[in-house]
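In case you want the letters, here they are:
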There are 4 protein chains.
Amino acid sequence: MNTFGRIFRITTWGESHGKAVGCVIDGCPSNLKLSEEDIQRELDRRKPGKKLTSKRMEEDRVEILSGVFEGKTTGAPISMIVYNRDVRSEHYVKLKNTPRPGHADLTYFLKYRHRDWRGGGRSSARETVGRVAGGAVAKKLINAFGINVLGYAIEVAGIRWERDSDDYHEVFQRAERSPLRIPDESVSERAEERVVELMKEGDSAGGVVEIVATNVPPGLGEPVFDKLSARLAYAVMGVPAVKGVEIGSGFRLAKMKGSESNDPIVIRDGKVRLEKNDCGGILGGISVGETIIVRCAIKPTPSISKRQRTVDIEKMEEVEIEITGRHDPCIVPRAVPVLESMVALTLADFMILQGLIPKSLSE
Amino acid sequence: MNTFGRIFRITTWGESHGKAVGCVIDGCPSNLKLSEEDIQRELDRRKPGKKLTSKRMEEDRVEILSGVFEGKTTGAPISMIVYNRDVRSEHYVKLKNTPRPGHADLTYFLKYRHRDWRGGGRSSARETVGRVAGGAVAKKLINAFGINVLGYAIEVAGIRWERDSDDYHEVFQRAERSPLRIPDESVSERAEERVVELMKEGDSAGGVVEIVATNVPPGLGEPVFDKLSARLAYAVMGVPAVKGVEIGSGFRLAKMKGSESNDPIVIRDGKVRLEKNDCGGILGGISVGETIIVRCAIKPTPSISKRQRTVDIEKMEEVEIEITGRHDPCIVPRAVPVLESMVALTLADFMILQGLIPKSLSE
Amino acid sequence: MNTFGRIFRITTWGESHGKAVGCVIDGCPSNLKLSEEDIQRELDRRKPGKKLTSKRMEEDRVEILSGVFEGKTTGAPISMIVYNRDVRSEHYVKLKNTPRPGHADLTYFLKYRHRDWRGGGRSSARETVGRVAGGAVAKKLINAFGINVLGYAIEVAGIRWERDSDDYHEVFQRAERSPLRIPDESVSERAEERVVELMKEGDSAGGVVEIVATNVPPGLGEPVFDKLSARLAYAVMGVPAVKGVEIGSGFRLAKMKGSESNDPIVIRDGKVRLEKNDCGGILGGISVGETIIVRCAIKPTPSISKRQRTVDIEKMEEVEIEITGRHDPCIVPRAVPVLESMVALTLADFMILQGLIPKSLSE
Amino acid sequence: MNTFGRIFRITTWGESHGKAVGCVIDGCPSNLKLSEEDIQRELDRRKPGKKLTSKRMEEDRVEILSGVFEGKTTGAPISMIVYNRDVRSEHYVKLKNTPRPGHADLTYFLKYRHRDWRGGGRSSARETVGRVAGGAVAKKLINAFGINVLGYAIEVAGIRWERDSDDYHEVFQRAERSPLRIPDESVSERAEERVVELMKEGDSAGGVVEIVATNVPPGLGEPVFDKLSARLAYAVMGVPAVKGVEIGSGFRLAKMKGSESNDPIVIRDGKVRLEKNDCGGILGGISVGETIIVRCAIKPTPSISKRQRTVDIEKMEEVEIEITGRHDPCIVPRAVPVLESMVALTLADFMILQGLIPKSLSE
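From a predicted model like this one, the values you see are computed outputs, not experimental measurements. (Residues numbered from 1 in each chain as written. Chains lettered and ligands numbered in written order. Predicted model: local features only at pLDDT ≥ 70, side-chain atom pairs only at ≥ 80, totals over all residues. Heavy atoms only, no water.)

### Quick notes on the overall build of chain A
The line we're drawing: Where helices and strands are cited, they refer to DSSP runs of H or I of at least four residues and of E of at least two residues respectively, numbered from the N terminus. Atoms counted for the radius of gyration: C-alpha only. Globule rule: 2.2 Å times the number of residues to the power 0.38. Per-residue accessibility, obtained with a 1.4 Å probe over protein chains only, is compared with the maximum for each type, and a residue is labelled buried under 20%, exposed over 50%, and partly exposed between these values. The accessible surface values rely on the Shrake-Rupley method and a 1.4 Å probe; as for residues, cover is taken only from the protein chains in view. Neither His nor the chain termini are counted; the positive set is Lys and Arg, and the negative set is Asp and Glu. Charge positions are represented by NZ for Lys, CZ for Arg, CG for Asp and CD for Glu.
In terms of helices and strands, chain A carries nine helices and 18 strands. What you see for chain A is a C-alpha radius of gyration of 21 Å, in line with the 21 Å of a compact globule of 363 residues. The burial tally for chain A puts 70% of its 363 residues in the buried class. Approximately 11,500 Å² of chain A is accessible, and the part contributed by carbon and sulfur atoms is 47%. For chain A, the separation between the mean place of its 55 positive charges and that of its 52 negative charges on side chains is 3 Å.

### Points about the relation of the copies chain A and chain B
Going by this rule: Only residues with pLDDT of at least 70 in both copies count here: their C-alpha atoms drive the least-squares fit that superposes the copies.
After a rotation of 180° and a shift along the axis of 0.0 Å, chain A superposes on chain B with an RMSD of 0.0 Å. The relationship between the two copies is best expressed as a two-fold rotation axis.

### Here we look at the relation of the copies chain D and chain B
We apply this condition: The criterion used for residue contact is that any of the two residues' heavy atoms lie within 4.5 Å.
With an RMSD of 0.0 Å, the fit of chain D onto chain B corresponds to turning through 180° and sliding 0.0 Å along the axis. Interface overlap between copies: 100% of the residues of chain D at the interface are likewise at the interface in chain B, consistent with a symmetric, same-surface contact.

### Remarks on helix α3 (residues 105-112) of chain C
Most of α3(C) is tucked away: six of the eight residues are buried. The complete set of buried residues in α3(C) reads C:D105, C:L106, C:T107, C:Y108, C:K111 and C:Y112. Those residues of α3(C) that are buried lie in contact with β12 (265-268), β13 (271-274), β14 (282-283) and β15 (286-287) of chain D. Looking one or two residues beyond α3(C), the residue adopting positive phi is C:R113, at roughly 60°.

### Describing the interface of chain D and chain B
We count it as follows: By convention in these notes, a salt bridge is any Lys or Arg side-chain nitrogen within 4 Å of a carboxyl oxygen on Asp or Glu. Polar contacts here mean pairs of N or O atoms no more than 3.5 Å apart (in protein, one a potential hydrogen donor and the other a potential acceptor; neighbouring residues in sequence count only if both atoms are side-chain atoms).
Contacts between the two partners involve six residues from chain D and, on the opposite side, six residues from chain B. Linking chain D to chain B there are two salt bridges. The partner of B:E222 in a salt bridge is D:K359, with the nearest N and O atoms 3.1 Å apart. Counting every contact that joins chain D to chain B gives three residue pairs in polar contact (both at pLDDT 80 or more).

### Digging into the pairing of strand β8 (residues 148-156) of chain D
Across a regular strand the side chains alternate sides, sitting on one face of the sheet and then on the other. Residues and elements named next belong to chain D. Keep this limit in mind: Note on pairing: DSSP must find at least two bridges between two strands before they are called paired.
For β8, the tally of buried residues reaches eight of nine residues, placing the bulk of the element in the interior. Here eight bridges tie β8 to strand β10 (residues 207-214), and the two strands are oriented antiparallel to one another. Counted as the bridge partner of A153 is V209 from β10. Pairing of β8 with strand β9 (residues 159-160) involves two bridges; the strand directions are antiparallel. From the neighbouring strand, V156 faces β9, where its bridge partner is I159.

### Overview of the packing of aromatic side chains
Two numbers describe a pair of aromatic rings. These are the distance of the centres and the angle of the planes. Under the convention used in this document: Only centres within 6.5 Å qualify two rings of Phe, Tyr or Trp (six-membered ring in Trp) as a pair; their planes then separate them into stacked at under 30 degrees, edge-to-face at over 60, and tilted for everything else.
The final tally for this structure, using the stated rule, is 24 aromatic pairs over all chains. Here the aromatic rings of C:F4 and D:F225 are separated by 5.4 Å at their centres, their planes lie at 50°, and the arrangement is tilted. Of this pair, C:F4 sits in strand β1 (residues 3-4) while D:F225 is found in the loop between β10 and α7 (228-237), placing the two residues in two different chains. Taken individually, C:F4 and D:F225 each receive the classification buried, so the pair is uniform in this respect. Between the aromatic rings of C:F251 and D:F251, the centroid separation amounts to 5.9 Å while the plane-to-plane angle is 65°, which identifies the pairing as edge-to-face. Placement of the pair is C:F251 in the loop between β11 (242-247) and α8 (258-261) and D:F251 in the loop between β11 (242-247) and α8 (258-261), with the two residues belonging to separate chains. Of the two residues, C:F251 and D:F251, neither departs from the other in class, the shared state being buried.

### What about the environment of D:L198?
Here D:L198 shows up in helix α6 (residues 185-200). Linking D:L198 and D:C330, residues 132 residues apart in sequence, is a C-alpha distance of 9.4 Å. When sequence neighbours within four positions are dropped, the list of residues in contact with D:L198 reads C:K257, D:A157, D:D203, D:S204 and D:A205.

### What about the side chain of D:D203?
Here D:D203 is to be found in the loop between α6 and β10. One polar contact links the side chain of D:D203 to the main-chain amide nitrogen of C:G258, over a distance of 3.1 Å. Within the local environment of D:D203, its side chain forms a polar contact with the side chain of D:K306, the two groups lying 3.2 Å apart. Not counting residues up to four positions away in its chain, the partners in contact with D:D203 are C:K257, C:G258, C:S259, D:L198, D:I304, D:K306 and D:P329.

### Considerations on the interface of chain A and chain B
Reports of interface size often rely on the accessible area that becomes lost once the parts have come together. Rule in force here: What gets called buried area is simply the loss in accessible area from a 1.4 Å probe that two parts show on being joined, summed for both.
Listed per partner, the contact involves 104 residues of chain A and 104 residues of chain B. Summing the contributions of chain A and of chain B, the shared interface buries around 7,900 Å²; its carbon and sulfur component is 62%. It is A:M1, A:F225 and A:K243 in chain A that bury the most area against chain B; as a group they hold 11% of the surface buried on that side. At the boundary of chain A and chain B, one finds eight salt bridges. Residue B:E275 is joined to A:R309 by a salt bridge in which the shortest nitrogen-to-oxygen separation is 2.8 Å. Linking chain A with chain B are 53 residue pairs in polar contact (both at pLDDT 80 or more). Here strand β11 (residues 242-247) of chain A runs beside strand β11 (residues 242-247) of chain B; their pairing, made up of three bridges, is antiparallel. Across the sheet, A:G244 pairs through a bridge with B:E246, a residue of β11(B).

### Digging into the pairing of strand β17 (residues 308-312) of chain C
All names here are of chain C. With four of its five residues buried, β17 lies for the most part within the structure. Both β17 and strand β18 (residues 317-321) contribute to a ladder of five bridges, which runs antiparallel. From the neighbouring strand, R309 faces β18, where its bridge partner is E320.

### Concerning the environment of D:V288
Tracing the backbone through its elements, the reader meets D:V288 in the loop between β15 and β16 (292-298). Among the residues examined, D:V288 registers a relative accessible area of 6% and is labelled buried. Residues D:V288 and D:M256, spaced 32 residues apart in sequence, show a C-alpha to C-alpha distance of 21 Å. Those residues within four positions of D:V288 in sequence are excluded, and the remaining contacts are C:L106, C:T107, C:L110, D:P218, D:L274, D:G281, D:I282 and D:L283.

### Brief notes about the UniProt feature "binding site: NADP(+)" (unreviewed entry) in chain A
Residues and elements named next belong to chain A. Under the convention used in this document: UniProt positions are given in the numbering used here, feature names are shortened, and annotations may be inferred rather than shown by experiment.
Annotation from UniProt places "binding site: NADP(+)" (unreviewed entry) at R46 and K51. Along the polypeptide, R46 turns up in helix α1 (residues 36-46). A polar atom in the side chain of R46 sits 3.0 Å from the side chain of T128.

### So, the UniProt feature "binding site: FMN" (unreviewed entry) in chain A
Within this structure's numbering, the places UniProt gives as "binding site: FMN" (unreviewed entry) are A:R122, A:S123, A:S124, A:G284, A:K299, A:P300, A:T301, A:P302, A:S303 and A:R326. A maximum C-alpha distance of 44.5 Å is found for the annotated residues, which run over 205 residues; spatially they are spread out rather than grouped. On the secondary structure map, A:G284 appears in the loop between β14 (282-283) and β15 (286-287). According to the relative accessible area criterion, A:G284 is partly exposed, its value standing at 28%. In contact with A:G284, not counting residues within four places along its chain, are A:K227, B:A104 and B:Y108.

Next up, the structure:
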C-alpha cells in the first residue's frame, strides 16, 4: 500500500539509491494555482540543514510531469519526480547480509526475500520526499480554505520545551529559525549541545514533534472507524521512526480525573467553543472547531557508528557491524515537514469528504 | 465509515437506546468452526462487572443470523445481532440541547444537525458490542494459526503496574481476576480504592491498557502507508476515549540514545530474534516475529455527576448541567476486550493479505 | 465483498433459507425522511407477481433497526432486516452433491468447500432483498435532488418491444401494469404466452431490461477508472443472471459510422444538450446532463424442471437431475427493481462524491 | 480515480500533449523477473500500425524508475515513464471552446471548468499507454501461473468473423498478423477495404473485441458485489470508446431457453467441466475453470474529418467544426492490447486475493 487517502490520495514510489523518487496525487480539485516552486519550498524545508543533519547533498529539484495546465490543476493526476543525485552505495555493500539494528532491513528481507539493500532501498527516509511533495499540494489546497498546518519539535534528546504561547504561527516562526526546529532559542541550544555530544560518541537522539492545524472547521471525521483522530494516528504512525502518537493531552489525560480532563463548553465571540482544548480539537473522533493537536514520538536515528550486534542472515551467525557513511544524528527537525504533510493530506481528504472543498475551485 | 478492515472486514451498526446493535463480518474464510458461545464469551468479558462499572444490566445475548451452516462458516457474511434491553432514556431528555463535556454530543450535532440523543445514540460505547462480536471471530480465526491477543490495564487513576513477567498468558490470567483488569492484586486494590474515592466525589478515572499479540509471524504490514504499526494505531485510536497510542516502548524511545533504543539482532533457538523488543515487534512497519505490543491512553469517563459547564445550543447560552443515571467511574477494564478486538481484527486482515490464512480452511 | 459503493455504501447479508436477510447502509446523509413504508414499497415491487413468477409466498416485511430517529436519518448506519418465512429446504437435500447447471452451486463449492445448499444459500436471488432495501433509500435520497431511476423490460423470451416514447415516466407507468414489466400491452401479452408455453415445457426464458435515470446533472463519474459507465457496468453485472451490459446504444454503436454514432452538440432551452443521446447520457465516462440509459441481458432462469446433466461431486460421476419446487419461469420482471436499485446506489454515491449531496440535508 | 485494482493496483497519469505519461504499479509480488523489454513488447503492440491507424509517430520508449533491483521486482512500487514526443498541439487551439462530438471534451469542461485541451489532455487514448505498461507486468505475473490473456477483433465496421476454432492461441497468432487484428485473412481484408472507404469519406468505424483468458483456475471472484464478471465489466467499460460488455454468450443468452443456455456439467479428463461454456467461464460471478470470455463493443473513433455540429461554450452558440490532424479511422486493433491489459490486471488482482499468488515468488 503505497497509496494514502480516500479521495485526495497520494501514491509515492522510489528507492533511496534508485533513479528517482516521486509522487502521484489523485483527486486534487481543478483550478488550484500550482507551480513547482510551491512544492520546492516544502522540499527545501525537508533538506539536511547546515549542521546536525546528514551531509548528503540532496538537491531535490522537483518536476511536475502532469495534471497542471496553464498554472492551474486540471483535476487529472499530478505526477511529480525528483531525480536521485549524489548517490553512493559503496557503504552498503558490506551490510548486504547483515540487517542494521533498528532498521527495516530485517523485516523487508523476511517479507520479500529480495531487497534493494542500497541505502535502505524503499524503506529509506528518502521515500518521504514523495510525501512532502504531496503534502505541499495538500497544504496549498487547505490553505485556500483557511487551514494552516504547522509543526515543531517540543523535545529532543530528552530536553523538553513547554509551550509558552497560543499563537501557533509565532511559535512556528520561531521554530523555523532553530536547526532542531525547537521554538525557543535557549532550549534549542541546550538540545543542540546534547546532540553534538551524542554524535561524537557515535550515537544518536530522538524526540517529540507537535503538529497543529489551525482554523479547522467542525465536522471533519467519520464515526465510528474513520475518526479524524484514528486517521491522524494512522497518518503519522506510518512515518519512519514514529513509535507513539497523542491527540491533545494524550497520555496525560489518562492520569487526570474526569472533572479535569473534560473540556467545558463555552460561548466565545458568539461561537460554541471549548475552554481549554485538552482534547486536541477532536471529540468523539470529529473536529470541534478548535486547533487540532497531534504529538509524535520519534525514536533515535537507528544508523549509529557505534559497533552493534546483528546476524549474518546468509551464514546464520551472530556478527558485529559498524555503519559508516553519512547519517543524521537526529532526524527530528527533518521529520517536521513530513509529519506536517501527513496531517495536511489527512485534512484535505476530510475537507473534500465533508463537502467543504468542491471538485472544481471557483476561478 | 462504519466498516473496518481491507479483506476481513466488519461493519457495525446500532445505537445505545435503539432496537439493537450488531455487526456484519465480511471476508471470513469458510470452514471455521463457529458458534454463538464463541462470541458470547467475549461479550460477557465486556459486560459491566459487579463493582466499579455501570449498573445497567446488559444481557447482551448474541444471535448469529447468517454465514454459519452446520457449525462452520461458509465464506458468506456473518450477521450478528444483540437486542437492546434495559433501555431507559428518561435521563437524557433534559440533556437534549446541552452537549455533555468530553462527549461526542457537540460534534455529532455540528456534523449531522440531527442526533439520537438517547444515551449518546451512535457515539455511545454501546457501539463496541459490535466490535467485540467481530473481534471474537477474528480471535478464533487467528487463534487457529497460533496467534493470541491478550489485554490488561497497566495504569488506572494514575496508579501504575510495571510488567514483572514475559509470560503474557500468565499476566493475562492474573488480570482477568482483577475487577480493573490490572495483573497484580495489590496494585489493583490500590487502584480500586482510588476509583471508589473518585466515584464518591462524582468524578471518574482513566488509565492505560496494554495489548499484546503473541506468536505473530514475521512479514505482516505493508510499506509504506499500511504499516502494521499505522494500522494498529488507526484501529485502537478509533475506540471511544482513546487519546494516545504507543508501539513497544513508544514515547520512552524518544528519550533514549540510538545505542539504547536499537534492538540487537541475535540468534535464539536457531531463529533470528530481537534481544529486548523495545520496538514492540515491529520494525519498518512490518512484524519481525516478536510479541506485538500496543499501549493505549484512555481518558476518564466523561459522564460524571459533578456539575459541569456547557452551552444550550438552541438558546445559545452558557448553562450548567448535572448528569444523572448509571455510568462507569472507570471504563478501562471494559475497554480491554474492545481493544483486543481491534488488534485481532487488524491481525486477521494482515494474515489474509499476506497469504498466511487461506480463503477456505482445511476441514 | 458484500459491500457496494465508495461513500454511500450498502452491505448485504443472509441466505435464502437462513434466519433472515438484511442490509446495512453506511454513508447516508442525515435528515433524510425515511420510514419502513418507503422500503416496503420497493420490496413489494420485487415480490413474485400473481402469475408467471415463483409461488413462494414471500411476505418480506422490512424492519429498520438503526440509523433513523424521529422519522429522519441521523447519518449513522441504517440496518434493515427481513426475516425469512415460508422456507422449505426439502427439495434441496437431494441436490446437495449435484450442482445445478447454470447456478453458482459448483463455483461456491470449488471456492469455499463448505456450502449452504438450502435454496442456493448466499447465491440465491433472495440476496437481492438487501439490494432493493438499500436501493430504496438511495432512490429516496437522489429523488430529493430531482433524479428518478426507472426500469422496464424491453425483451422477454426473444420478443422485443421498441421504445415508442421519450417520456420515460409514462413508459415506466405502463410497464408497471404488465406482469412482465413490458411497457406495451400487446407485446407483453405475446411474451406472456411464450413464457407460459416454456413453463409448460419445463423450461424458462430470459430477456433484456432497460434502466434509465432522468434529470442526472452533468459531471458525475471519475476519470479514468471510476467512470460512471464503468461503475454502472460493475453495478448491474453483479446482479444474478446478468451476462451483458450496454450504455446507450451499446453494441449497435459498434456497427455505425462515426458520423452516425457521434451525438451532435446543440443548444436547447439555453442549455448545452445532445441531439440524440446514443451515448446514453455518458461521454468520456462522465454524465453529460442527458438521460442515463443502461441495458442488461438476463439469462433464462437456470432452475428448470427438465432433466439436466450434471456431476455428483462426491462420487465424481455424471448424473441426471430434475429440479422440483417453486421457480420463476422468467426472472426478468423481478430483476427490474433490483437493477434500478443498483443504478440508484451508483448515482447516490457519485452525487455525494461530486459534492452535490451534502452530509446533512437541510431540514 | 486513476487507480485500478484492490491489491495488485496501477495508478496511471499523464496527458496526451504533456511531458510524459506513466504508471505506478503497487502490490506486485517480489522476485518476479522483469525488464523494460517485457513492457516495451506490449507497448509496441499498442503502437499505430503501418496502415489504417494514426500517423502520429509514437516511439514510446518505456523506462522503469523503481521497484526492480537486479532484474527482479522487490515488492516496492514499480514506476514507469514514457516521455511524449512528436507532440503537435496546433490543431487543437481552434477547438479549445468547441467540444468535439463523441469526445469527453464537453464533460471534462462541465466537471472541471479547466481543461487541457491539447489532444484531449487526460481523456486522450494516450492515457492507455500507462494501462498497457501496467498490464504487461500483470500478464508476466499471471503467465508465471499458467494464465494467458489473448485478444482479437471479431467485428469491424459491421463485418463479423465467427470463431472457427477453440485453440485460442492459434486464433490469437492469426489475429496478430492482421492489421485489424481479425483472425481470418479474408474477413480482415474485407473489413480493411470498408475502413479505407470510410476513411476516404472522412468517417470512421467501430467494432467488437473478444478477450479470452485461458487456464484460469476455479474460485476467482467474490460474491456478491465483486464478482469476477462485475470486475471484468468494470475493467473494460472504463476503456475509452467501450459502450457494451458481454460475458460468454452475453446478449444471445437473453434469447435462449433455459435448457439451451444452461451449461451441462460433465467430467472430462477426470475433472469437473462445462460442456459448452456459454457462460464464458463464470458461474455465479466466480470462475469455474473454463476459458474466460469477455466481449466489448467499441464505438467508431469520434475524431472524423467530416463537418460536425457543436457548440461554442464561451459564446454559447451553435457552430460547425472540422477536425484536422492525424486520427485512427478505426481504433479497434489498438484497443486489443489495452483490453487485454485490463483483463490481465483484474485476474492478477483476484489471483492474489484468492491466495494463489504469494507476496514473494519462490526464486
